[in-house]
Amino acid sequence: YKMKKVITFGAFDLVHEWHKFFLEEAKKYWDFLITIVARDKTIQKVKWKAPLHKEQKRLKDIQSLWIADIVELGHQADMMFAIKKHKPDIVAIGYDQNSFIYELSKFLKENKLKTNVVTIDPYKENIYKSSKLKKQLT
């Protein structure tokens, strides 16, 4: 029996109900969940703005949900490092991670990996969306 692994990626800035839903849904696919929390620099580059919370706080927030079996910070420079390291069977991505889908698909194809990609649906996205929750704070 080979343990099946699923991996998720995210900023997880201001952890809320959708993040819990996302991780719980991802974990349903296989029996071992790895969650990669994006570095502050990566978020700055991808979202064109700094995260509200620093990476160590975001890491601890995800660890404190006790859903993922491994929670770690992403690589400083290589966004695909965690896939090379953990060799997941599935990558579960959020419904709003469009920019990541392209890079991921290209990487999997170029490396001839048989990793499946699944998209986790929104959960009450009119309430639980980080950008909306952040606006309520300001």
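In this text, all values refer to a predicted model and were calculated from it rather than measured experimentally.

I keep staring at the nonpolar core and nothing clicks. Help me out?
Nonpolar side chains tend toward joint burial in soluble globular proteins. Judged by nonpolar contacts, the single largest core of 18 residues is most densely connected at L23, L33 and V37. No other element matches the four residues that helix α1 (residues 17-29) contributes to this core. Excluding its chain neighbours within four sequence positions, the residues that come into contact with L23 are T8, F12, L33, T35, I62, L65 and I67. Ranked by size, the runner-up nonpolar core spans 14 residues in total, among them I36, A82, I83 and I93.

Any chance you could explain the side chain of T35 here in plain terms?
One can find T35 in strand β2 (residues 32-37). Within the structure, the side chain of T35 is placed 2.9 Å from the side chain of T8, a separation counted as a polar contact.

What am I meant to see in the environment of L104 here?
Relative to the helices and strands, L104 is located in helix α5 (residues 98-110). The spatial distance from the C-alpha of L104 to the C-alpha of V91 is 9.0 Å, given a sequence separation of 13 residues.

Where do I start with the pattern of salt bridges in this structure?
Opposite charge on two side chains makes pairing possible when the charged atoms of those side chains draw close. Here the structure, examined in full by the defined rule, presents eight salt bridges. A salt bridge links R39 to E55; the nearest nitrogen and oxygen atoms lie 2.9 Å apart. Of this pair, R39 sits in the loop between β2 and α2 (40-47) while E55 is found in helix α3 (residues 55-63), placing the two residues 16 residues apart along the sequence. Accessibility classification places R39 together with E55 in one group, the buried group. In this structure, R58 engages D40 in a salt bridge whose closest nitrogen and oxygen atoms are separated by 2.6 Å. Pair noted here: R58 is in helix α3 and D40 is in helix α2, with a separation of 18 residues, a long-range link.

Quick notes on the rules
Residues numbered from 1 in each chain as written. Predicted model: local features only at pLDDT ≥ 70, side-chain atom pairs only at ≥ 80, totals over all residues. Heavy atoms only, no water. Core = buried A, V, L, I, M, F, W, Y, C linked by side-chain atoms within 4.5 Å. Buried < 20%, exposed > 50% of the residue type's maximum accessible area, 1.4 Å probe, protein only. Helix = DSSP H or I, 4+ residues; strand = E, 2+ residues; numbered from the N terminus. Contact = heavy atoms within 4.5 Å. Polar contact = N/O pair within 3.5 Å; in protein donor to acceptor, adjacent residues only side chain to side chain. Salt bridge = Lys/Arg side-chain N within 4 Å of Asp/Glu carboxyl O.

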